[in-house]
Amino acid sequence: MTAVRGALRASMLLRSVALVVVVGVVLLLVTESLSSYRNLQLADGAYYFCVLAGLTVLAGSSGQISLGHGAFMAVGAYTVAKLGNAGWALLPELVAAVVVTLVVGIPVGMAASRLRGPYLAGATLAFAVGLPALADKFPSFLGGENGLSINPPVPPSSLGASFPLERWEAWIACAGALVTLFVFYNVIHSSIGRSFRAVRDDEIAASLVGLRVGRRQTLAFALSAAAAGLGGGLLAVVTQLAQPGAFPLQLSLTLLAGVVIGGLGSLWGAVWGAALLVLLPNWTNDIANSFSLSTSVSHNLPIAVYGLVLIGAMLLWPSGIQGGVRAAVAAVRPRVAGRAGRGRPAAVSEAGAGESPVPVSSDQAASDEAAKAPSER
Amino acid sequence: MTKFIDLTLSGISDGAIYAAVALALVLIWRSTRIVNFAQGAMLMITTFIASAVINSGGSYVLGFAVALASGFVFGAVVERVVVRPIEHAPPLNAVILTLGLYTLLVAVAGMIWGNTPRSFPAAFSLRGYKVGGTTLLFTPNDTFIVLVVIAVAVALALLFRATSVGLRMRAAAFAPEVARLLGVRVGRMLTLGWALAAMTGALAGVLVAPSVFLGPNSFDPILIIGFVAAVLGGLDSPPGAVVGGLVLGLALSYVSGYEGSALVPLAALAILVIVLMIRPTGLFSATKERRV
């Protein structure tokens, strides 16, 4: 037992493999007992997790914000739809979705790495609105307004003839989420993740120690775009459809709400966010039904909640659910939190994100304050 | 050739509207260093209010006035209630907050008025002028749009340059501490800045609604194009915003006419990226250097 513990402590790779195996087994057992509707919801949550994990690594590690990830999901979804209709198998299809989105994400990331704050937000916003409109420009290739439909995935015959489709879809989406978890767990806890955080906290200091700031930010952006592409590809597999209406500006803002709710910078936060994105429309529907509200109210209720959450989080609770959980844990078990903080300095700077949605170290916050005094810089 | 003239003319009237939105964004940026991503949703709400007034029997002029007045009040309330607490927070907080406001307003509009776009009356005829047998793509209503936007731009310029309130507003934006020491109520000036900006936005909403129809998401492209226009003009300079709006109106009108309207948002994005890469201070910025 101690040997296992020692090995886990020594090797990050082993730790991440152990994490993925444990989560995977739990998910496998869970899907057995869920109804087909709940399995579909799990699949929805799994592809949302892929996108949110990418966004949270981008925002929390490299300090950038993207409102264009809905468009990257569209890239992934259309790749899967085109290749699926050309007869590709599921796995190469999804790999291609990741690769294509990565290729699209690199130039966008290069542009993004030179932009800050509202400029970056505005540019990625324009990207989110502009890209899905391409489907109208090339109606014969991308299917116009109606989009492309694809055949549902077929569960392998070895699982038995009566294996439900929804459970198979949940397995596919969860497998994608596990791959995302594995990759980002390793990214966050490796030298790459540390270099992202160094760039986030102080660009000048990071470039003084030899990090190429622009390249690091481009890499973070491309990685998170690729995750969004995987999420979009999984969305196409689960919904069997890729159409521009599935990727409106609203989707990108919903994703933003998801990462802000979860708390930027933590993979657990992405889990919270994904769960909420899936469950909230359900809850608001139930509420609307029990108060017999009209459909226009019930359709818009979840969106209103996302808006309120974004506003409320900025005014009251900028570190999100995961930040709240972390604070609660720290309050209940100060000794444990203190030990974790000593072991991993990065965790301290993450927990110190009281003011900013993106964790900012204390000297950065101080220099921001100093920069505000002359008001123009 | 006729097509080129038509596209130029419609580009001018589109550009006037983009200029109004860009002005709204610039006014807020100048006073609080925040890009108001909720602007598109705020002008959507005021246009819905104008539509309600007109549909319940009010005249167009009454609806127009109500839109501007409600925009003024709305801007002041938004600044006072949700923006004030985060004015000194990191810039990302303001971005997320205004996007949250956008999301909330779109949802609320959908709840009240439904998601199906509806028509909105134009002030003047939508039939193009006839010049020597050919009908131009420029209508009396377009003339109205251009004249109103010019009037508002001139009025704002006069307000800032020639009145004591304008001087105090500029002082509050430029050097809040000093202005406060000299007795300027900085908070009130910021509120007034937001109110004026929202009023300008409300104007753009009423002017553009006849051509895009009125729905919760109708004005999203206009907000983005207005943002690009504001950045093109330097984000800091009201004259820059007007010129940026007109340039962008023309450019996007050609793109839409020759390549199809689906490419308009992407073309706006391309222009934005090119401007930020080559001349991040915009075409008209007073500040020498800017972090983008």
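Reading guide: rules and limits
Residues numbered from 1 in each chain as written. Chains lettered and ligands numbered in written order. Predicted model: local features only at pLDDT ≥ 70, side-chain atom pairs only at ≥ 80, totals over all residues. Helix = DSSP H or I, 4+ residues; strand = E, 2+ residues; numbered from the N terminus. Buried ≥ 20, exposed ≤ 12 C-beta atoms within 10 Å, placed from the backbone. Contact = placed C-beta atoms within 7 Å. Nonpolar A, V, L, I, M, F, W, Y, C, P; charged D, E, K, R; others polar. pLDDT = per-residue confidence, 0-100. Expected span 1.5 Å × (residues − 1). Bend = angle between axes of the 7 residues up to and from the residue. Axes fitted to C-alpha atoms, helices over the stretch in contact; angles between N-to-C directions. Parallel < 35°, antiparallel > 145°, perpendicular 65-115°, else oblique. Left-handed = near helix turned anticlockwise from the far one by under 90°.

## A few points about the overall build of chain A
A count of helices and strands for chain A gives 19 helices and two strands. Within chain A, the proportion of its 377 residues that are buried is 50%. Pairs at least 24 residues apart make up 77% of the contacts formed inside chain A by residues separated by at least 6 positions.

## Looking at the overall build of chain B
Helices and strands together make up the secondary structure of chain B, namely 11 helices and two strands. Reading the secondary structure of chain B in the N-to-C direction produces α-α-α-α-β-β-α-α-α-α-α-α-α. Based on the C-alpha atoms only, the size of chain B along its principal axes is roughly 65 × 50 × 35 Å. A separation threshold of at least 6 residues defines the contact pool for chain B, and within that pool the share at least 24 residues apart is 73%.

## Let's talk about the interface of chain A and chain B
Tallying the contact residues gives 48 residues for chain A and 46 residues for chain B. Contributing elements (two or more residues each) for the side of chain A that touches chain B: helix 6 (117-130), helix 7 (134-137), helix 13 (249-262), helix 15 (295-316) and helix 19 (362-372) of chain A. The element contributing the most residues to the side of chain A that touches chain B is helix 15 of chain A, with 13 residues. Here the residues of the side of chain A that touches chain B are counted per class, giving 30 nonpolar, nine polar and nine charged.

## Regarding the confidence of the model for chain A
All names here are of chain A. Mean pLDDT over chain A works out to 80, with 85% of the residues at or above the 70 mark. Long-range and interchain partners of residues 337-355, a stretch whose pLDDT sits below 50, account for 27 contacts in this model, where long-range means more than four residues apart. Here residues 359-377 scores under 50 on pLDDT; set against residues more than four positions off or in separate chains, the count is 23 contacts.

## Overview of the environment of Gly11(B)
Residue and element names in this part refer to chain B. Structurally, the position occupied by Gly11 is in helix 1 (residues 2-32). Classification of Gly11 as buried rests on a count of 24 C-beta atoms within 10 Å. Here the alpha-carbon distance between Gly11 and Ile274, two residues 263 residues apart in the chain, equals 20 Å. Not counting residues up to four positions away in its chain, the partners in contact with Gly11 are Gly249, Leu250, Ser253 and Tyr254.

## Points about the environment of Arg279(B)
Residues and elements named next belong to chain B. Looking at the element boundaries, Arg279 is found in the segment after helix 11 (264-278). When the 12 C-beta atoms within 10 Å are taken as the criterion, Arg279 is described as exposed. With 242 residues separating them along the chain, Arg279 and Phe37 place their C-alpha atoms 23 Å apart.

## Here we look at helix 8 (residues 186-212) of chain B
Residue and element names in this part refer to chain B. Spanning 27 residues, helix 8 covers 38 Å between terminal C-alpha atoms, matching the ideal 39 Å at 1.5 Å per step. Largest kink in helix 8: about 30°, centred on Val206, with the proline Pro210 one to four residues after it. Most of helix 8 sits out of view: 21 of its 27 residues are buried. A positive backbone phi angle near 65° is found at Phe213, which sits one or two residues after helix 8.

## Some points on helix 11 of chain B
Residue pairs three or four apart in sequence face the same way in an α-helix, which turns once every 3.6 residues. With 15 residues, helix 11 of chain B ought to run about 21 Å at 1.5 Å a step, and its terminal C-alpha atoms sit 21 Å apart, in line with that. The set of residues buried in helix 11 of chain B consists of Val264(B), Pro265(B), Ala267(B), Ala268(B), Leu269(B), Ile271(B), Leu272(B), Val273(B), Val275(B) and Leu276(B). Contacts from the buried residues of helix 11 of chain B go to helix 5 (90-112) and helix 6 of chain A together with helix 9 (220-232) and helix 10 (238-259) of chain B.

## Some remarks on the packing of helix 6 of chain A against helix 11 of chain B
Between helix 6 of chain A and helix 11 of chain B, whose axes approach to 8 Å, the crossing angle comes to 155°. Compared by their axis directions, helix 6 of chain A and helix 11 of chain B come out roughly antiparallel. Relative to helix 11 of chain B, helix 6 of chain A is oriented so that their crossing is left-handed. Contacts between helix 6 of chain A and helix 11 of chain B involve Tyr119(A), Gly122(A), Ala123(A), Ala126(A), Phe127(A), Val129(A) and Gly130(A) from the first element and Pro265(B), Leu266(B), Ala268(B), Leu269(B), Leu272(B), Val273(B) and Leu276(B) from the second. In terms of residue class, the contact of helix 6 of chain A with helix 11 of chain B is made up of 12 nonpolar, two polar and no charged.

## A closer look at unusual backbone geometry
Residues and elements named next belong to chain B. Despite not being glycine, Arg33 has its phi angle at roughly 55°, a positive value. In this structure, Arg33 sits in the loop between helix 1 and helix 2 (39-55). Here Phe213, not a glycine, exhibits a phi torsion of approximately 65°, which is positive. Owing to 13 C-beta atoms within 10 Å, Phe213 belongs among the partly exposed residues under this scheme.

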